[in-house]
Amino acid sequence: MPWLLVWLFVMLTWLGLPVAAAGPKSGGHLVVAVPIDPDTFDPHKAVAAATREIDYNIYQGLVSFDTEGRIVPCLAESWETSDDGTVYTFTLRPNVFFHNGRSLSTEDVLFSLERVRDDATGYPMMWPKQIEEIVTLDDSSIRVQLKAPYAPFLSELVDAAIIPKEAVAQLATKPVGTGPFRLVEWVMGQHVKLARFDDYWEQGLPYVDTVTFRIIPDPATAILNLKAGAVHVIPRLSPDVAWQVEQAPDLKLLKGPMNTVQLMAYNLDREPFSDKRVRQAINYAIDKDLLIEGAAWGYGTKIGSNMSPVVDLYYADLADYYPYDTAKARELLAAAGYGQGVSVTLSLPAEYDLHVKSGEMVAAMLGEVGIEVNIELVEWGTWLDRIYTKRDYDMTIVGFTGKLDPHTALNRYTSDYGRNFSNFRHEEYDKLILEGLQATDIARRQAIYSRCQEILAEEAVAVYIMDPNDLVAMRSDVAGWRYYPKYVDDVGHVYFDK
Amino acid sequence: MAVVWKEKQLEAEGRGKERASLFQPPCKRASRVNICVGAVMLLAIAALAVISALSIVSPPNAMDIRARLVPPSKEHLLGTDHFGRDLFSRVAYGGRVALKVGLGSTVMAALLGVSLGGWAGYRGGWWDETIMRIVDGLMAFPGVLFAIMLVTVLGPGMKNTILAIGFANLPLFARITRASFLSARNTLYVEAARALGARPRHIVWRHVFPNSIGPIVVQATVTCSTAILTEASLSYLGLGIQPPYPSWGRMLKEAQPYMGRAPWLVLVPGLAVFFTVIALNLLGDGLRDWLDPNTR
């Protein structure tokens, strides 16, 4: 009986707490564990996802995205689009300050967008080529004229950080942005320290006083630090160590989609993958559910084409297009003339444990239908160079991350796209992608991109495996973590709920 | 360990304990015990490796996701790993890999190193200078680092691992052979042979080489054990044996995230490496004492 009372008491206080502590609290020092250093803090030159995950808190663009991936106002308070989809007019938000104290003007926007457009800058994306000209209209509005309608323009613009002209020379190590945090210190291989920016334009944000991103490459070490309280959050935790978090009483594990497409791509210019029947056979031979369970401990969502279910406006559910059926796989292989078996090489990026594990399972599954798979581990640098750029490979497993717009996600399979490393060539597909760019009507775009996803599935361009779960481990007193369909760590909304 | 064995042996023979003091030079009997123990342990590991090639154990790469991280039981003698693969089969197969790499790279290092060192030692002069300076250069690299470098250049896999480790160990053999050839060259029996008109080839094969074989054999056992350790390190780093094939180093790496949950995953390959290296070191120790003229 007394135990029951104690239990009741505990339950009541536990249930009552969130009500009592209404609203986030300010203050505190947050420590986040990340595996690698940023490459540079110059937002127009950075290519590493590891940079974007941190500098999201320092830099901002004219527009941003919300947790659903919708485009929302940021430094631009509002914007208008011309009917033909080629002219965008942005109105700047008043009273926005840079970390150096100066207020934001249209000149800064002009300078930043021109810098992104300039070939000498080395901006890693191609979309700025679509811009015809940029004109400042008055103190608060600026007009961007495109060469042709380009539907994904706004979702590409989210990454174009607005920077002050005077800080550009030292931007790589001394970033100056408009975000909720400013950089205090970056010690390579150790930590990146941020402090709250007091003149930040969004009322009440950020909550914590400082944020330290500690560079901890080994997940086991990160977990030990989390358990000891030296680290508060581990974003993108490896599913291998998730059990440790689930078992610890003062830790919690959040699960969300990652908006990553994990796929096994093959080189369509090589035998036997040039034969559609072989590609389909491989799709039938792989039990995706078992693979997700085995390689990711069940933390993943099955997919069937090159899009994650997170992009729900455009997602076509093709996850069961090729149900697991080894008999059918053997039949197709025999029809293609590989009834006696065939030997192929599967190159896996060694640094990505999930892809290596998935590869081991794929090898076992394909072995059952007579495809002998030789695994080769390659370093990430080699992967990018030999496989992604030079297209010298048979099969590989990789993940394509965070695309907000269906065009950006699907454009990579057009015949003349520089990174079409599958060597997929399909007339209808190319035409559809081009059409999608011009279409401004959502229903039309939906129809176009559904068909594109269907073509990819039908042609079995790759084995689309899963969108792995984004696991975030944190101390139980940390609250306010937000999931976005992009690779960022939003520490601006995080607070301590003690 | 050696001393304990020796003491037991001496006691069994009813001899005084004082004779087996630590300060006494090792005697032949103790070295024989070391050799026996080392050889028996090695044979056991070799037997394990042979078993893994037979079909009586389940294949090392057969997965069963539903039976993952199962503790040791009747079906799985040593438990299963994160893919539900039988740990016994994997450790046995890993033994095969370890022995192949250990012996392969040692034989390679010995053949090349002995030829180079022997040539340098016997010919002397600028041959000696050139060869030994190159060998010195190679020696400047730490063995494991050198192997890592070579594997990075050659690419991973069993053959390249053997090549890399063999090459990294070559300088040791060259050095030792050269030293023994140098000292043998000036001995009376070589002089006598030369005086009798023996050809250099005859002198080297019949007189110099047999008298230099001792240190080379000892070096070979030691190299074999370090080669196995190096292979484990390389595979741990993902540079050695490629998945899904098991190697002890790779198994250790794969087990790391589950250490607290399935300790047998770390213990089993760890102990396997430990026993093999101990066995080889005992053998090497014993052989050295046995072949050393000072203890004869």
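Residues numbered from 1 in each chain as written. Chains lettered and ligands numbered in written order. Predicted model: local features only at pLDDT ≥ 70, side-chain atom pairs only at ≥ 80, totals over all residues. Heavy atoms only, no water.

Caption draft 1: The overall build of chain A, seen in detail. Per the secondary structure count, chain A includes 14 helices and 20 strands. Against the globule reference of 23 Å for 498 residues, chain A gives a C-alpha radius of gyration of 24 Å, in line with a compact fold. With the C-alpha coordinates aligned to their principal axes, the bounding extent of chain A is approximately 75 × 70 × 40 Å. Across the 498 residues of chain A, 56% fall into the buried class. Summarising the internal contacts of chain A: among those between residues at least 6 apart in sequence, 69% fall at separations of at least 24. When the accessible surface of chain A is summed, it comes to about 20800 Å², and 52% of that surface belongs to carbon and sulfur atoms. Between the averaged position of the 45 positive side-chain charges in chain A and that of its 69 negative side-chain charges there is a distance of 2 Å. (Helix = DSSP H or I, 4+ residues; strand = E, 2+ residues; numbered from the N terminus. Rg over C-alpha atoms; globule rule 2.2 N^0.38 Å. Buried < 20%, exposed > 50% of the residue type's maximum accessible area, 1.4 Å probe, protein only. Contact = heavy atoms within 4.5 Å. Areas by Shrake-Rupley, 256 points an atom, 1.4 Å probe, with all protein chains shown as cover. Lys, Arg positive; Asp, Glu negative; His and termini not counted. Charge placed at Lys NZ, Arg CZ, Asp CG, Glu CD.)

Caption draft 2: Layout of the pairing of strand β10 (residues 210–215) of chain A. Residue and element names in this part refer to chain A. As paired strands, strand β1 (residues 29–34) and β10 are joined by 6 bridges and run parallel to one another. Opposite Val34, over in β10, you have Ile215 as the bridge partner. Of the strand pairs in this sheet, strand β9 (residues 191–196) and β10 are connected by 5 bridges, and their pairing is antiparallel. Bridge pairing in β10 links Lys193 to Thr212. (Pairing = 2+ DSSP bridges.)

Caption draft 3: Just the nonpolar core, in detail. Residues and elements named next belong to chain A. In terms of nonpolar packing, the biggest core is built from 76 residues, with Met264, Ile282, Leu366 and Met395 touching the most fellow members. With 7 residues, helix α10 (residues 353–368) is the largest single contributor of residues to this core. Every residue in contact with Met264, bar those within four places of it in the chain, is listed here: Ile282, Ile286, Leu346, Val362, Leu366, Met395, Thr396, Ile397, Ala462, Val463 and Ile465. Listed in part, the 73 residues of the second largest apolar core include Ile58, Tyr59, Phe153 and Leu194. (Core = buried A, V, L, I, M, F, W, Y, C linked by side-chain atoms within 4.5 Å.)

Caption draft 4: Region of the structure containing helix α8 (residues 288–296) of chain A. Residues and elements named next belong to chain A. By the burial criterion, the buried members of α8 are Lys288, Leu291, Ile292, Gly294, Ala295 and Ala296. Against β14 (300–302), α10 and β18 (462–475) lie the buried residues of α8. Two to three positions downstream of the cap, the backbone nitrogen of Asp289 sits 3.3 Å from a side-chain oxygen, assigning the N-cap of α8 to Asp287. At the C-terminal side of α8, Trp297 shows a positive phi close to 55°. (Polar contact = N/O pair within 3.5 Å; in protein donor to acceptor, adjacent residues only side chain to side chain.)

Caption draft 5: The arrangement of helix α5 (residues 219–228) of chain A in detail. Residue and element names in this part refer to chain A. All of the buried residues along α5 are Ala222, Ile223, Asn225 and Leu226. All buried residues of α5 fall inside an arc of 160° around its axis, so they share one side. Every exposed residue of α5 that faces more than 90 degrees away from the buried side is listed here: Leu224 and Ala228. Packed against the buried residues of α5 are β1, β10, β11 (233–234), α6 (242–247), β12 (251–257) and β18. (Arc of directions from axis to C-beta.)

Caption draft 6: A look at the packing of aromatic side chains. All names here are of chain A. Considering all chains together, one arrives at 33 aromatic pairs over all chains under this definition. For the ring pair Tyr413 and Phe424, a centre distance of 6.5 Å and an interplane angle of 80° mean the geometry is edge-to-face. Separated by 11 residues along the polypeptide, Tyr413 in the loop between α12 (406–410) and α13 (427–438) and Phe424 in the loop between α12 and α13 bring together distant segments of the chain. Accessibility assignment for this pair places Tyr413 and Phe424 in one class, buried. Taken together, a centroid distance of 5.8 Å and an interplanar angle of 75° make the contact between Phe424 and Tyr429 edge-to-face. Across the pair, Tyr429 and Phe424 agree in class, each one buried. (Phe/Tyr/Trp six-rings, centres within 6.5 Å; stacked < 30°, edge-to-face > 60°.)

Caption draft 7: How the structure looks around the domain arrangement of chain A. Residues and elements named next belong to chain A. Assigned domains within chain A: domain 1 (59–169), domain 2 (181–257 + 470–496) and domain 3 (261–468). Of note, the centres of domain 1 and domain 3, computed from C-alpha atoms alone, are 34 Å apart. Each partner contributes to the interface: domain 1 provides 11 residues, whereas domain 3 provides 10 residues. Across the domain 1 to domain 3 interface the summed buried area is about 830 Å²; carbon plus sulfur atoms make up 64%. Together, Pro149, Ala151 and Pro152 form the three largest contributors to the area buried by domain 1 at its contact with domain 3, with a combined 44%. If you look at where domain 1 meets domain 3, you find 0 salt bridges. If you look at where domain 1 meets domain 3, you find 1 residue pair in polar contact (both at pLDDT 80 or more). A breakdown of the residues in the side of domain 1 that touches domain 3 according to their chemical character gives 7 nonpolar, 3 polar and 1 charged. (Domains from an automatic or database assignment. Buried area = accessible area lost by both parts, 1.4 Å probe. Salt bridge = Lys/Arg side-chain N within 4 Å of Asp/Glu carboxyl O. Nonpolar A, V, L, I, M, F, W, Y, C, P; charged D, E, K, R; others polar.)

Caption draft 8: View of the interface of chain A and chain B. Across the boundary between the two partners, chain A contributes 18 residues, which contact 20 residues of chain B. Looking only at chain A, the three residues that lose the most surface to chain B are Trp243, Trp297 and Glu360 of chain A, adding up to 38% of its buried area. A salt bridge links Glu360 of chain A to Arg250 of chain B; its shortest N-O distance comes to 4.0 Å. Elements that contribute at least two residues to the side of chain A that touches chain B include exactly α6, α8, α10 and β16 (371–378) of chain A.

Caption draft 9: Inspection of the packing of α13 of chain A against helix α14 (residues 442–458) of chain A at higher detail. Residue and element names in this part refer to chain A. Between α13 and α14, the shortest axis-to-axis distance is 10 Å and the interhelical angle comes to 155°. The angle between α13 and α14 falls in the class roughly antiparallel. Crossing geometry of α13 relative to α14 is assigned as left-handed. Between α13 and α14, the contacting residues are Glu428, Tyr429, Leu432, Ile433, Glu435, Gly436 and Leu437 on the first element and Arg444, Arg445, Ile448, Tyr449, Arg451, Cys452, Ile455 and Leu456 on the second. (Axes fitted to C-alpha atoms, helices over the stretch in contact; angles between N-to-C directions. Parallel < 35°, antiparallel > 145°, perpendicular 65-115°, else oblique. Left-handed = near helix turned anticlockwise from the far one by under 90°.)

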